[in-house]
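Structure assessment
Read off the chains here:
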Amino acid sequence: MSEANDRAVETVDEDPHEGGFRAHAAITTDRGGPRYGEFSEQVRLLMDNARYACPDDELVDELIESLKALNDRLADSRIDEWHSPAGTRIDLPSRGNITLPPYVVTEVNDNGVVAELTFRDFHLGGNNAAHGGHVAVAFDDVGGFASAVAIQHVSRTAYLTVQYRSITPLNTPLRIHAWADRIEGRKVFIKGTLYDGDRLCAEMDALFIKLNPGQA
Ligand SMILES: CCCCCCCCCCCCCC(=O)SCCNC(=O)CCNC(=O)[C@H](O)C(C)(C)COP(=O)(O)OP(=O)(O)OC[C@H]1O[C@@H](n2cnc3c(N)ncnc32)[C@H](O)[C@@H]1OP(=O)(O)O
């Protein structure tokens, strides 16, 4: 870790943490500036290319130096999770969070949350198909979103099971849907589906628990 990375542990705390995902964390469309989406896309492209690259020794040396310089520049602008654009930019795919498979929400209503989601090269599991763990990540986030919509509050995943019904392709727009099947007290039972056209790729069955005030 560089000096800049060490400095990044400092946090901004004018917004005291009351537990959970900090329900009042500011969502934004301008943090990181108008080109933040392009920046995220370049990061994803970097991961895509890294996943498939077979660089020779000379190129590896060159890339390490370039990436070190880039990381030093980036680390200088690190901030705490509540104020970083990644995860709060609601105008960008997956709220600007580059660790999630990019998805764009197309419907939010009483039937839950529907989004168009595309697994990228860097989500490769094998033989041009998405890694099952990434499918679960997608369900967890869209499922958490559907839970938030259903109870208008933050919740955490207690369990999440995925039935992998058929291969999930990369670089193909898929339809992901998550909805609250039933709510019992703090328990929000979420179901979900992932389709490639008419073909069912995977199904989710999950339980989210509404967090109590102050609960982490
Ligand atoms: C426009 C912008 C929109 C933004 C949208 C943002 C979306 C973001 C989306 C991000 C999404 C990302 C989301 C993530 O990735 S969240 C990260 C992954 N999840 C975790 O780390 C959670 C870890 N676990 C815990 O913190 C606790 O165990 C929780 C909070 C889950 C419950 O501990 P708590 O002490 O609070 O509750 P309780 O133990 O009294 O249980 C309460 C009830 O629940 C029942 N129970 C509990 N566990 C299980 C189980 N495993 N199976 C079956 N039942 C279970 C239990 O029997 C009881 O039932 P009953 O006796 O009352 O009947």
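Definitions and limits used
Residues numbered from 1 in each chain as written. Predicted model: local features only at pLDDT ≥ 70, side-chain atom pairs only at ≥ 80, totals over all residues. Heavy atoms only, no water. UniProt positions renumbered as here; feature names shortened; annotations may be inferred. Phe/Tyr/Trp six-rings, centres within 6.5 Å; stacked < 30°, edge-to-face > 60°. Helix = DSSP H or I, 4+ residues; strand = E, 2+ residues; numbered from the N terminus. Buried < 20%, exposed > 50% of the residue type's maximum accessible area, 1.4 Å probe, protein only. Lys NZ or Arg CZ within 6 Å of the ring centre and 35° of its normal. Pairing = 2+ DSSP bridges.

Naming follows an unreviewed UniProt entry, where the protein chain appears as Acyl-coenzyme A thioesterase THEM4 of Gordonia hongkongensis. In the Sequence similarities (unreviewed entry) part of its UniProt record, the protein chain is described as follows: "Belongs to the THEM4/THEM5 thioesterase family."

1. A short note on the packing of aromatic side chains
Within this structure, the stated rule accounts for one aromatic pair. For the ring pair Tyr36 and Phe39, a centre distance of 5.4 Å and an interplane angle of 45° mean the geometry is tilted. A residue pair is termed a helical-turn pair when its members lie 3 or 4 positions apart in one helix, as Tyr36 and Phe39 do in helix H2 (residues 36–52) at three residues. The class for Tyr36 is buried, based on a relative accessible area of 12%. Residue classification places Phe39 among the partly exposed residues on the basis of a relative accessible area of 35%. In this structure, Arg51 is placed above the aromatic ring of Tyr52, and the distance from its NZ or CZ to the ring centre is 6.0 Å. Above the ring of Phe189, the side-chain terminus of Arg182 is found at 3.8 Å from the ring centroid.

2. Comments concerning the pairing of strand E2 (residues 112–117)
Here E2 lies mainly inside the structure; five of its six residues are buried. The sheet contact formed by strand E1 (residues 103–109) and E2 spans six bridges and is antiparallel. Among the inter-strand pairings, Glu107 is bridged to a residue of E2, identified as Val114. As consecutive antiparallel partners, E1 and E2 are separated by two residues. Relative to strand E6 (residues 174–184), E2 runs antiparallel, the two being bridged by five bridges. Residue pairing for E6: Glu116 is matched across the bridge by Arg175.

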